[in-house]
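Each chain is listed here by its residues.
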Amino acid sequence: MKQEIPRFTRPVFPGGISLGVPPTSQTFENQPPKREVSREIPVQLNVLRYRMLWMALLLLFVGFSGWLLFQKGKALQASVLRQGEGGYGALLEAAGHMKRQDHEKAMVSFEQASSFFTAASEETAFFTETMIQGMAMVPGLSRAASGKHVIEAGKHFSEAGKPLAILAEGLMSSKDAYAQGEKISLIQLLYQSKEPLREARISLERAEESLRAVAIDDIPEEKRDQFLAVRKNLPLVLSLLVGFEKNEFLLEELLGGNGPRTYLFLLQNNHELRATGGFIGSYALVDVSQGVIRRFFVDGIFNPDGQLKENIVPPKPIQKISAGWSVHDSNWFPDFPTSAEKAIFFY
């Protein structure tokens, strides 16, 4: 028979705790509650660190960008001075050639000026319009912003000069041909002038827009008067070009585009004052058809006056020196349309 091995029985103590065995249950009613540590504080600290890091990076980027902008602005200023002086020097040469009627050389100078301004414009292509506006408000960099606008204005002036030089050369050729006896149609010249003048007007309008953006304080003092004169007179030139385009049909009518026309010109001597400017001592007759002048006749005013058969009683003041009224005294009225009607009546 197997002998049974007696099992060891652990003693049990009051409260349900046996020796050597982990307690099955405990009562914590009389123990104080444990204090839990909040996890929100470390999270807030981390967010703050990230924000400070991004702020530092942003300040570093802004500082570097500002330094880069400052350096580019200084380089731009030097470029503007160099290219601008060359461009405007070429423009002055072109103006001199135009004045001397050497239009071929004027065209070359306009091309040179355009090259200077185009090169300067390409160097400033790094700057957007927003950056230029910002530079205009930064002390020390506003000249660079104004310089860019001056460069753009010079470029547009050069572009306006090219078609004007070509047009002037064509008009000179027509003048020479007319002097040699060739019949020249003024209407044809009008049509040939239309497109060059339109191109010039567009370029000058852009130049005016650029000049308006230039701060006058950024212009060297010795050149301000010249700059202000250009900016003041440019609108007048533009108004003439716009008026030409608007009244082109009227010019065509005056040149006989819709049929032959005859014009009477009264030539006044301002050394003998009269109401409309001077004594009418001679006159001219011009016949024009399709822009071609068919007749240009000049004669003394007393020849048509001697052909009057009817005696017209003049105004009382004239009666003291003349018993009759004729063409040479027709400009008695300060109102020119009234005097013109009276001249037509006598003639």
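In case you missed it, the structure is sitting above this.
Residues numbered from 1 in each chain as written. Predicted model: local features only at pLDDT ≥ 70, side-chain atom pairs only at ≥ 80, totals over all residues. Heavy atoms only, no water.

When helices and strands are counted, the chain shows ten helices and five strands. Looking at the chain as a whole, 32% of its 347 residues are labelled buried. Here the analysis covers contacts within the chain between residues at least 6 apart in sequence; of these, 58% occur between residues at least 24 apart. Accessible surface computed for the chain: about 24200 Å², of which carbon and sulfur atoms make up 60%. (Helix = DSSP H or I, 4+ residues; strand = E, 2+ residues; numbered from the N terminus. Buried < 20%, exposed > 50% of the residue type's maximum accessible area, 1.4 Å probe, protein only. Contact = heavy atoms within 4.5 Å. Areas by Shrake-Rupley, 256 points an atom, 1.4 Å probe, with all protein chains shown as cover.)

The next subject is the pairing of strand E4 (residues 279-289). Among the eleven residues of E4, nine are classified as buried, and the element is accordingly described as predominantly covered. Across nine bridges, strand E3 (residues 261-269) lies against E4 in antiparallel orientation. In the strand pairing of E4, Gln 268 is matched with Ile 280. With eight bridges connecting them, E4 and strand E5 (residues 292-300) associate as antiparallel partners. Bridge pairing in E5 links Ser 289 to Val 292. Between E4 and E5, which pair antiparallel in sequence order, lie two residues; one of them, Gln 290, sits at a positive phi of approximately 55 degrees. (Pairing = 2+ DSSP bridges.)

Turning to helix H10 (residues 336-346), its buried residues are Ser 339, Ala 343 and Phe 346. The buried residues of H10 all sit within an arc of 65 degrees when viewed along its axis, so they share a single face. Opposite its buried face, H10 presents the exposed residues Glu 341, Ile 344 and Phe 345, each directed more than 90 degrees away. Tucked inside the fold, the buried residues of H10 contact E3. (Arc of directions from axis to C-beta.)

Taken in spatial order, the three strands line up as E3-E4-E5 in an open sheet, and their pairing is antiparallel. Strands with a single pairing partner mark the edges of an open sheet, and in this sheet they are E3 and E5. Looking at each pair of strands side by side, their axes are set apart by 20 degrees on average, direction ignored. (Axes fitted to C-alpha atoms, helices over the stretch in contact; angles between N-to-C directions.)

Here we come to the nonpolar core. With 28 residues, the main nonpolar core has Leu 91, Phe 110, Phe 157, Leu 204, Leu 211 and Leu 234 as its most contacted residues. Secondary structure elements with two or more residues in this core: helix H1 (40-99), helix H2 (103-123), helix H4 (142-179), helix H5 (186-212) and helix H6 (224-246). The biggest single contributor to this core is H4, with seven residues. Setting aside anything within four residues of it in sequence, one finds Phe 110 in contact with Leu 91, Ala 94, Met 98, Ser 158, Gly 161, Lys 162 and Ala 165. The next biggest cluster of nonpolar side chains, apart from the first, holds nine residues, and it includes Tyr 283, Ile 301, Trp 325 and Phe 346. (Core = buried A, V, L, I, M, F, W, Y, C linked by side-chain atoms within 4.5 Å.)

Here the focus is the packing of aromatic side chains. Taken as a whole and judged by the stated rule, the model has seven aromatic pairs. Note on Tyr 283 and Phe 297: the rings are 6.3 Å apart at their centroids and 65 degrees apart in plane angle, and the pair reads as edge-to-face. Residue Tyr 283 is found in strand E4, and its partner Phe 297 is found in strand E5; the two are separated by 14 residues along the sequence. Residue class for Phe 297 comes out partly exposed when judged on its relative accessible area of 34%. (Phe/Tyr/Trp six-rings, centres within 6.5 Å; stacked < 30°, edge-to-face > 60°.)

Close contact between H5 and H6 brings their axes to 9 Å; oriented N to C, the two are set at 145 degrees. The hand of the H5/H6 crossing is left-handed. For the pair H5 and H6, the contacting residues are Leu 190, Lys 194, Leu 197, Arg 198, Arg 201, Leu 204, Glu 205, Ala 207, Glu 208, Leu 211 and Arg 212 in the first and Phe 227, Val 230, Arg 231, Leu 234, Pro 235, Val 237, Leu 238, Leu 241, Val 242, Phe 244 and Glu 245 in the second. (Left-handed = near helix turned anticlockwise from the far one by under 90°.)

The next thing to look at is the pattern of salt bridges. Applying the stated criterion across every chain yields a total of ten salt bridges. Among the salt bridges present, the one from Lys 105 reaches Asp 102, with a minimum N-O distance of 3.8 Å. The residue Arg 198 makes a salt bridge to Glu 195 at a minimum N-O spacing of 2.7 Å. Placement of the pair is Arg 198 and Glu 195 together in helix H5, with a separation of three residues, close to one helical turn. With a relative accessible area of 33%, Arg 198 lands in the partly exposed category. Each of Glu 111, Glu 159 and Lys 162 takes part in one network of salt bridges that share partners. (Salt bridge = Lys/Arg side-chain N within 4 Å of Asp/Glu carboxyl O.)

Right, let's get into unusual backbone geometry. A positive phi angle, close to 65 degrees, is found at Gln 101, a residue other than glycine. Residue position: Gln 101 is located in the loop between H1 and H2. Residues other than glycine seldom take positive phi values, yet Gln 290 does so here, at roughly 55 degrees. You can see Gln 290 is positioned in the loop between E4 and E5.

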